[in-house]
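# Close look at the chain arrangement
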Number of protein chains: 2
Amino acid sequence: MANIIKIGLVQHVCAEDQEQNISASIQGIEALARQGAKVVVLPELHRTLYFCQTEETRFFDLAETIPGPSTTRFSEIAKAHQVIIVTSLFERRTAGIYHNTAVVIDTNGEIAGMYRKMHIPDDPGYYEKFYFTPGDLGFAPIKTSLGKIGVLVCWDQWYPEAARLSALAGADFLVIPTAIGWNPDDTEEEQQRQREAWITIQRAHAIANGLPLVSCNRTGVEKDTSGQTPGIKFWGSSFIAGPQGEILAQCPTDKTGAIAVNIDLDRNEQVRRIWPYFRDRRIDAYKGIVKRYCD
Amino acid sequence: MANIIKIGLVQHVCAEDQEQNISASIQGIEALARQGAKVVVLPELHRTLYFCQTEETRFFDLAETIPGPSTTRFSEIAKAHQVIIVTSLFERRTAGIYHNTAVVIDTNGEIAGMYRKMHIPDDPGYYEKFYFTPGDLGFAPIKTSLGKIGVLVCWDQWYPEAARLSALAGADFLVIPTAIGWNPDDTEEEQQRQREAWITIQRAHAIANGLPLVSCNRTGVEKDTSGQTPGIKFWGSSFIAGPQGEILAQCPTDKTGAIAVNIDLDRNEQVRRIWPYFRDRRIDAYKGIVKRYCD
């Protein structure tokens, strides 16, 4: 038994010119579709620079509705190439409510569903709590013509709960658009610890839940227009891991790339038979997970 | 500010002769104590062969009470060397109730507390459900004179919930006695995927929770006396990781070893300031974690 689909991602640089960014996304999708990819994941907020480096009200003008310009554009591409696209955008839900949202567009060009980033970070250079209302759709995998896709976004990737809940709700694989990089002022040693931790924890989600994972980051250096910080050197390193956490393909830190691999979704079940973690979960003893701290 | 303690582990081979095994543990503890270690972790069930390769009622004779022979012996060593020892043993609680239990003995030789393995595996060569009643003490870190120690045992190491709950209950660091190895019939590729997954998911617990982790495995080959399987080649690889998941020291796969490193427990707080995951946990959306499956 095999249920093989080719899954890919497009790692690219983002610039001031939005049309240039969309072109980079589309070129990557088209290259992967030619190789037979059926699912393509794009980086977080790939249409714009990572504007969260400073808090400025004018940046809310970058937000758009769903459906809206981005989903219309990528719907056309999805339909033309018969590929599922996971796009990520700054969603304007109404005046005063904006989200960091990933939208899954099915091969027929229809919106299969969306995921609103649940965990919102806030630290120097990543002032996301100013822009994004925390998601209110939960960790609900999106049903598509090619399986259920568990979608998480960036900061979510540090939370085992997010991956677990997606798996328990039936995700066949996880996809994570992200925008993460180095503070150029950090030591080389600290930079490598951070990048390695980022890879390690996501591989661990695949392992803990017996499913493949696609993590798509941007690359390139983006200035902090406020001059407050030295900007962000996005560390690329986008990768695709199998259900034992094994890395199947990975982009470099500093180059654009479009990569795809064949994934046998039926292998999830084989892996869960040799590693039957789900069978033995102590659900009678996990109540503390819903507490802030057990003091 | 710094709160440095030297933490170590003893990776050794286990043989039929229990006295030989205890000597190996004690020699390692003494070597580490001479280097200034204040906490020493031993492998899972280090007093005996890994008897769970077959289901035989006579092996219940290996079980002992707490306090009992093992705790008495290691209490003396702990007191003599002023070191905290994390020992692991087959606990006889009463007729028909046996546990896989780790006991933490403080520097004064007193039992600081114990942890009964919560997640019990059962797969070819690891028939633990026959021997061990699942733990009923929860994930409660053990208070010692040198901090709160979050103790987990082997199969627990695959569950992010176990590490998270220990951290939420105030663990300063995690220790995991374990007994895991290869099926010699598996391909080299599969063996490496398994070992790497085992390392990766434990490093991820350190990362997700911003605390150090000590994982202590046995090494050596042990036969399956029933002849049903080709036995287990325990893969060693015991390691100590820092709160960013960085490996600070590691034993080889096939050799005994006693390793220790200085850990600054105050670094946990520094790491949690730059990676404030605990702040942003979506406890309002984690209810599904206590379900078997969300269908």
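The following paragraphs examine the structure supplied in this document. (Residues numbered from 1 in each chain as written. Chains lettered and ligands numbered in written order. Predicted model: local features only at pLDDT ≥ 70, side-chain atom pairs only at ≥ 80, totals over all residues. Heavy atoms only, no water.)

### A word on the overall build of chain A
When helices and strands are tallied, chain A shows 6 helices and 15 strands. Computed over the C-alpha atoms, the radius of gyration of chain A is 18 Å, within 12% of the 19 Å expected from 2.2 N^0.38 for a compact globule of 295 residues. Dimensions of chain A, computed from C-alpha atoms along their principal axes, come out at roughly 55 × 50 × 40 Å. Looking at the 295 residues of chain A, the share that counts as buried comes to 63%. Here the analysis covers contacts within chain A between residues at least 6 apart in sequence; of these, 68% occur between residues at least 24 apart. Total accessible area on chain A is roughly 10700 Å²; 50% of this is exposed by carbon and sulfur atoms. Of the charged side chains in chain A, 31 are positive and 36 negative; the average position of the first set lies 6 Å away from that of the second. (Helix = DSSP H or I, 4+ residues; strand = E, 2+ residues; numbered from the N terminus. Rg over C-alpha atoms; globule rule 2.2 N^0.38 Å. Buried < 20%, exposed > 50% of the residue type's maximum accessible area, 1.4 Å probe, protein only. Contact = heavy atoms within 4.5 Å. Areas by Shrake-Rupley, 256 points an atom, 1.4 Å probe, with all protein chains shown as cover. Lys, Arg positive; Asp, Glu negative; His and termini not counted. Charge placed at Lys NZ, Arg CZ, Asp CG, Glu CD.)

### What about the sheet that holds strand 11 (residues 219-222) of chain B?
Residue and element names in this part refer to chain B. With antiparallel pairing, 3 strands are arranged side by side in an open sheet as 9-12-11. Two strands lie at the open edges of the sheet, namely strand 9 (181-182) and strand 11, each paired on one side alone. Judged from the 2 bridges that link them, strand 9 and strand 12 (residues 232-235) form a sheet pairing that is antiparallel. For Gly-181, the partnering residue across the bridge sits in strand 12 and is Phe-234. (Pairing = 2+ DSSP bridges.)

### Notes on the relation of the copies chain A and chain B
Mapping chain A onto chain B is achieved by rotating through 180 degrees and translating by 0.0 Å along the same axis, at an RMSD of 0.0 Å. Viewed as a symmetry operation, the transformation between the two copies matches a two-fold axis. Here 100% of the interface residues in chain A have copies in chain B that are interface residues too; the copies meet face to matching face. (Least-squares fit on C-alpha atoms with pLDDT ≥ 70 in both.)

### Overview of the packing of helix 1 (residues 18-34) of chain B against helix 2 (residues 69-81) of chain B
Residue and element names in this part refer to chain B. Two numbers describe how helix 1 lies on helix 2: the axes approach to 11 Å, and their chain directions differ by 15 degrees. Compared by their axis directions, helix 1 and helix 2 come out roughly parallel. Note that helix 1 runs across helix 2; the crossing there is right-handed. Every residue of helix 2 that contacts helix 1 at Glu-19, Ile-22, Ser-25, Ile-26, Ile-29, Glu-30 and Ala-33 is listed here: Arg-73, Phe-74, Ile-77 and His-81. Along the lines of polarity and charge, the residues of the contact of helix 1 with helix 2 split into 6 nonpolar, 2 polar and 3 charged. (Axes fitted to C-alpha atoms, helices over the stretch in contact; angles between N-to-C directions. Parallel < 35°, antiparallel > 145°, perpendicular 65-115°, else oblique. Left-handed = near helix turned anticlockwise from the far one by under 90°. Nonpolar A, V, L, I, M, F, W, Y, C, P; charged D, E, K, R; others polar.)

### Quick look at the pairing of strand 5 (residues 111-116) of chain A
Residue and element names in this part refer to chain A. The pairing of strand 4 (residues 97-105) with strand 5 spans 5 bridges and is antiparallel. Along strand 5, the bridge assignment pairs Ala-102 with Tyr-115. Taking the residues between adjacent antiparallel strands as the criterion, strand 4 and strand 5 are bridged by 5 residues, where Gly-109 takes a positive phi near 90 degrees.

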